[in-house]
Amino acid sequence: MGTENDTRIHRAFIALGSNMGDRIGMVERACLEMERAGIKVKRTSSLFETAPMYVLDQDPFINGVCEVQTTLTPIELLDVLQSIENGLGRKKIIDKGPRSIDLDILLYDQEIVNHERLHIPHKLMLERDFVLRPLCQLIPHEQFPIPGKKAETFLSHLNSLPAPPSAPFSTTQISSTFPTLHPTDPGRPTHIMAILNLTPDSFSDGGLHPPTDLTALTNTVRSFIASGATIIDIGGESTRPGSAPVGEAEELSRVIPAIKHIRTSIPEADNIAISIDTYRARVAEEACAAGADIINDVSSGLMDPDMLPTMARTGKSVILMHMRGTPTTMTKLTHYPDGVVNGVAAELRDRIRAAEDAGIRRWRIILDPGLGFAKNQLQDLTLLRDLGRLRCAEGLEYFPWLMGPSRKRFIGRITGVEKASERVWGTAATVSASVAGGADIVRVHDVKEMWQVARVADAIYRVE
Ligand SMILES: Nc1nc2c(c(=O)[nH]1)N=C(COP(=O)(O)OP(=O)(O)O)CN2
Ligand SMILES: Nc1ccc(C(=O)O)cc1
Ligand SMILES: [Mg+2]
């Protein structure tokens, strides 16, 4: 064990659990409190919703694991974690019963600790699917000093455990008023994200929604909601192939008043998530301050170095979309030597890693293969056909996926429909394929029509 004046940096893994109140909010506050106490949260696993074990008469838990760096000794770390638990209102009424937050040290370097207050490796971790699964996400191949199990890796031990009574669902938070996403639940519904382009030049609806006409905006938003949208994606700059940037001030003037208007004057939108479609950090930041819940960046932070830190600071959910280059250069960047699915998977893994390094939590990330962005027609079709395979690629398991095929060029090429706003039927086929492949959200212009397509596709494909 480290000595008192040991300032070496140690690596520890901490299990996170909550089953009372705003469970994900509690986990997020615990991570912030750890950082405030000088414990660096390096990476977080996905969060899983799990049925209670031991004491069965209580609400489901949210469980995950984080990797931390600390100069504290194991007992000092335990003291800090217990004070965070107490500060967040944990009261132990019954052992293994309901708790607002639970922080357990699982591993600390390669040390074995047997102390009256603390056992490392954590005594019960090998029998708990809800601890091992998130731990394996962070360290799938490592060996740790588990007494009697030295040669065993976690992953093989996890696979040898009896299946839990009900499968743990990975869980992604959008906001405290929005239903949590459960991307591994085979019976989940597909969410409809309605596109609201406040631009004069978007490829299919440019000029349709002038940003200064707030009465028309109200009607549009109401009709999206009445047609089944649960998320509205607001964009103030087109990123169609060949488009030129409009500049930050212009983009801000298009989107911020609209978001404020929706949040202050359209009560029907209270339970609807607002997403801001921007690659600029400042626009994202102001949009969140005005009431946006999701930052949708087509470049996953590549076009503005401040974007990932801004996403982390706002604590909002984020869409990391795959693209290469800029809207001006992307049409030429379509070389994927290992195939488009493997190429997109590898490049999204890099973006997830960069997002984590900036402090974005895994349960706040939604992925998107970026149809029409640095892809040719065959590649767009392959991504639609093989979404199921992409979702299972190593390191991409457990995330929710968004698909944005609506009215895009590849649909026009196949059908010969020149006018993008008339590509509704072709879009319907792509929405159905997206649901079949396991998309959690579809981003569409034709909300009423695609809501119907998604409902029928859900009835066909979303079976428990
Ligand atoms: N996450 C995500 N975001 C997107 C996607 C997409 O597929 N995924 N497609 C877009 C293109 O559609 P839009 O109608 O907004 O076109 P525009 O760029 O001309 O405004 C713009 N934004
Ligand atoms: N922003 C985009 C708009 C349109 C397309 C497309 O039609 O393929 C791609 C990107
Ligand atoms: Mg747009």
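Predicted, not measured: the structure shown is a model, and the values here were computed from it.

Calculation notes
Starting from 1, residues in each chain are numbered consecutively following that chain's sequence as written. For this description, chains carry letters from A and ligands carry numbers from 1, given in the order in which they are written. Per-residue local features of the predicted model are confined to residues with pLDDT of at least 70, and side-chain atom pairs are confined, for both listing and counting, to 80 or more; whole-chain, interface and lining totals are unaffected and use all residues. Derived side-chain values reflect all non-hydrogen atoms in the structure, with water molecules and hydrogen atoms excluded from consideration. Stacked, tilted and edge-to-face are the three classes assigned to paired rings of Phe, Tyr and Trp, where Trp is represented by its six-membered ring and a pair needs centres within 6.5 Å; plane angles under 30 degrees give stacked, over 60 edge-to-face, the rest tilted. Counting from the N terminus, the helices are the DSSP runs of H or I reaching at least four residues and the strands are the DSSP runs of E reaching at least two. Only protein chains enter the calculation, and the probe is 1.4 Å; a residue is then buried if its accessible area is under 20% of its type maximum, exposed if over 50%, and partly exposed in between. Charge over a ring is defined by NZ of Lys or CZ of Arg lying within 6 Å of the ring centre and within 35 degrees of the ring normal. UniProt positions are given in the numbering used here, feature names are shortened, and annotations may be inferred rather than shown by experiment. Side-chain atoms within 4.5 Å link the members of a nonpolar core, which is a set of buried Ala, Val, Leu, Ile, Met, Phe, Trp, Tyr and Cys residues. Here, proximity means that at least one heavy atom of the residue falls within 4 Å of the molecule or strand. Whenever two N or O atoms come within 3.5 Å, that pair is a polar contact, provided that in protein one can donate a hydrogen and the other can accept it, and provided that, for residues adjacent in sequence, both atoms are side-chain atoms. The method behind every accessible area is Shrake-Rupley, applied with a 1.4 Å probe, and residues are considered shielded solely by the protein chains displayed. A cavity here means a set of points on a 1 Å grid, drawn over the protein atoms and nothing else, where a 1.4 Å probe fits but cannot get out; a pocket is an open set with protein on both sides within 12 Å along at least five of seven lines, and a residue lines either one if it has an atom within 4 Å of a point. By definition, a pocket or cavity contains a molecule when more than half of the molecule's atoms lie within 2 Å of the pocket's grid points. When residues are sorted by character, Ala, Val, Leu, Ile, Met, Phe, Trp, Tyr, Cys and Pro go into the nonpolar class, Asp, Glu, Lys and Arg into the charged class, and all the rest, Gly among them, into the polar class. Grid points are joined across faces, edges and corners, and a volume is the space filled by probe spheres set on the points. Expected helix span is taken as 1.5 Å per residue step, with the number of steps being one fewer than the number of residues. Whether two residues are in contact is decided by their heavy atoms: any pair within 4.5 Å suffices. For every element, the axis is a line fit to its C-alpha atoms; helices are fit only across the contacting stretch, and the angle between N-to-C directions ranges from 0 to 180 degrees. What sets the label is the angle itself: under 35 degrees gives roughly parallel, over 145 gives roughly antiparallel, 65 to 115 gives roughly perpendicular, and the rest give oblique. Should the near helix be turned counterclockwise from the far one by less than a right angle, the crossing is left-handed, whereas a clockwise turn marks it as right-handed.

1. Notes on the packing of aromatic side chains
Here's step 1: Applying the stated criterion across every chain yields a total of one aromatic pair.
Here's step 2: Residues Phe-48 and Tyr-398 carry aromatic rings whose centres are separated by 4.9 Å and whose planes lie at 85° to one another, so their mutual orientation is edge-to-face. Taken together, the residues span a long stretch of sequence, with Phe-48 in strand β3 (residues 47-50) and Tyr-398 in the loop between α11 (387-391) and β15 (402-403) at a distance of 350 residues.
Here's step 3: Here Phe-48 falls in the buried class, since its relative accessible area comes to 1%.
Here's step 4: On the basis of relative accessible area, Tyr-398 is assigned to the partly exposed category, the value being 21%.
Here's step 5: Sitting over the face of the ring of Tyr-336, Arg-324 holds its NZ or CZ atom 3.8 Å from the ring centroid.

2. A word on unusual backbone geometry
Here's step 1: Of the consecutive residues Ile-120 and Pro-121, the connecting peptide bond is found in the cis state with omega at -5°.
Here's step 2: Mapped onto the secondary structure, Pro-121 falls in the loop between β7 (118-120) and α3 (129-138).
Here's step 3: Backbone geometry at Ala-374 places phi at a positive 55°, although glycine is not the residue there.
Here's step 4: Mapped onto the secondary structure, Ala-374 falls in the loop between β14 (365-368) and α10 (377-385).
Here's step 5: Residue classification places Ala-374 among the buried positions, given a relative accessible area of 1%.
Here's step 6: Its identity as a non-glycine residue notwithstanding, Arg-407 has a phi of 60°, on the positive side.
Here's step 7: Looking at where Arg-407 falls in the secondary structure, it is placed in the loop between β15 and α12 (409-415).

3. Here we look at the UniProt feature "domain: Pterin-binding" (unreviewed entry) in the chain
Here's step 1: Those places that UniProt annotates as "domain: Pterin-binding" (unreviewed entry) correspond, in this numbering, to residues 190-455.
Here's step 2: End C-alpha to end C-alpha, residues 190-455 measures 8 Å, and it is 42% helix and 14% strand.

4. Comments concerning the nonpolar core
Here's step 1: Residues Ile-234, Ile-365, Leu-367, Leu-390 and Leu-396 are the most contacted members of the largest nonpolar core, which totals 74 residues.
Here's step 2: Top contributing element to this core by residue count: helix α9 (residues 340-357), with seven residues.
Here's step 3: Among the nonpolar cores identified, the runner-up in size contains 31 residues, and Val-41, Leu-88, Leu-103 and Val-113 belong to it.

5. Focus on the site of ligand 1
Here's step 1: Neighbouring ligand 1 are 18 residues, the closest being Ser-202, Ser-238, Thr-239, Asp-368 and His-445.
Here's step 2: Asn-296 places a side-chain nitrogen or oxygen 2.8 Å from a nitrogen atom of ligand 1.
Here's step 3: Separating an oxygen atom of ligand 1 from a side-chain N or O atom of Lys-408 is a distance of 2.8 Å.
Here's step 4: Against a free-state accessible area of 480 Å², the protein chains account for coverage of 98% of ligand 1.
Here's step 5: Given that more than half its atoms are within 2 Å of the pocket grid, ligand 1 belongs to the second largest pocket.
Here's step 6: Of the residues assigned to the shell around ligand 1, the class counts are six nonpolar, seven polar and five charged.

6. Quick look at empty space enclosed by the protein
Here's step 1: Within this structure, the stated rule accounts for three cavities of 30 Å³ or more.
Here's step 2: Lining of the largest cavity is provided by Glu-237, Thr-239, Glu-251, Asp-277, Thr-278, Tyr-279 and Val-298.

7. Topic: α9
Here's step 1: Between its terminal C-alpha atoms α9 stretches 26 Å, which fits the 26 Å expected from 18 residues at 1.5 Å a residue.
Here's step 2: Here α9 has its buried residues at Val-340, Val-341, Gly-343, Val-344, Ala-345, Leu-348, Arg-351, Ile-352, Ala-355 and Glu-356.
Here's step 3: Tucked into the core, α9 has its buried residues touching β2 (40-44), α8 (307-314), β13 (317-321), β14, α10 and α11.
Here's step 4: Immediately downstream of α9, the backbone of Gly-359 shows phi near 100°, a positive value.

8. Considering the layout of surface pockets
Here's step 1: A volume near 550 Å³ is recorded for the second largest pocket.
Here's step 2: Around the second largest pocket, the lining comprises 34 residues; the ones closest to its centre are Phe-203, Arg-240, Pro-241, Phe-373 and Lys-408.
Here's step 3: Of all the secondary-structure elements, those providing two or more residues to the lining of the second largest pocket are β9 (191-197), α10 and α12.
Here's step 4: The leading source of residues in the lining of the second largest pocket is α12, at three residues.
Here's step 5: Here the lining of the second largest pocket is built from residues that sort into eleven nonpolar, eleven polar and twelve charged.

9. Overview of the environment of Thr-427
Here's step 1: Of note, Thr-427 is situated in helix α13 (residues 424-437).
Here's step 2: Residue Thr-427 is classed as buried on the basis of its relative accessible area, which comes to 0%.
Here's step 3: The sequence separation of Thr-427 and Lys-260 amounts to 167 residues, and the corresponding C-alpha distance is 31 Å.
Here's step 4: When near neighbours in sequence (up to four residues on either side) are disregarded, Thr-427 contacts Ser-406, Arg-407, Ile-411 and Met-450.

10. Examining the site of ligand 2
Here's step 1: Around ligand 2 lies a shell formed by Phe-203, Thr-239, Arg-240, Pro-241, Gly-372, Phe-373, Lys-408 and Arg-409.
Here's step 2: Contact between ligand 2 and Thr-239: a nitrogen atom at 3.0 Å from a main-chain N or O atom of the residue.
Here's step 3: Taking Arg-240, its main chain carries an N or O atom lying 3.2 Å from a nitrogen atom of ligand 2.
Here's step 4: For ligand 2, the protein covers 92% of the area, taking 280 Å² as the surface of the free molecule.
Here's step 5: Cavity membership is defined here by more than half of the atoms lying within 2 Å of grid points; on that basis ligand 2 lies in the second largest pocket.

11. Examining the packing of helix α7 (residues 281-290) against α8
Here's step 1: At their nearest, the axes of α7 and α8 sit 9 Å apart, and the two run at 15° to each other. The angle between α7 and α8 falls in the class roughly parallel. When you trace α7 past α8, the crossing you get is right-handed. Together, Ala-281, Ala-284, Glu-285 and Cys-288 of α7 and Met-307, Thr-310, Arg-313 and Thr-314 of α8 make up the contact between the two elements.
Here's step 2: Classifying every residue of the contact of α7 with α8 gives four nonpolar, two polar and two charged.

12. Focus: the side chain of His-182
Here's step 1: Residue placement: His-182 occurs in the loop between β8 (169-171) and β9.
Here's step 2: For His-182, a relative accessible area of 18% puts it in the buried group.
Here's step 3: Of the polar contacts made by the side chain of His-182, one reaches the side chain of Glu-49; its length is 3.0 Å.

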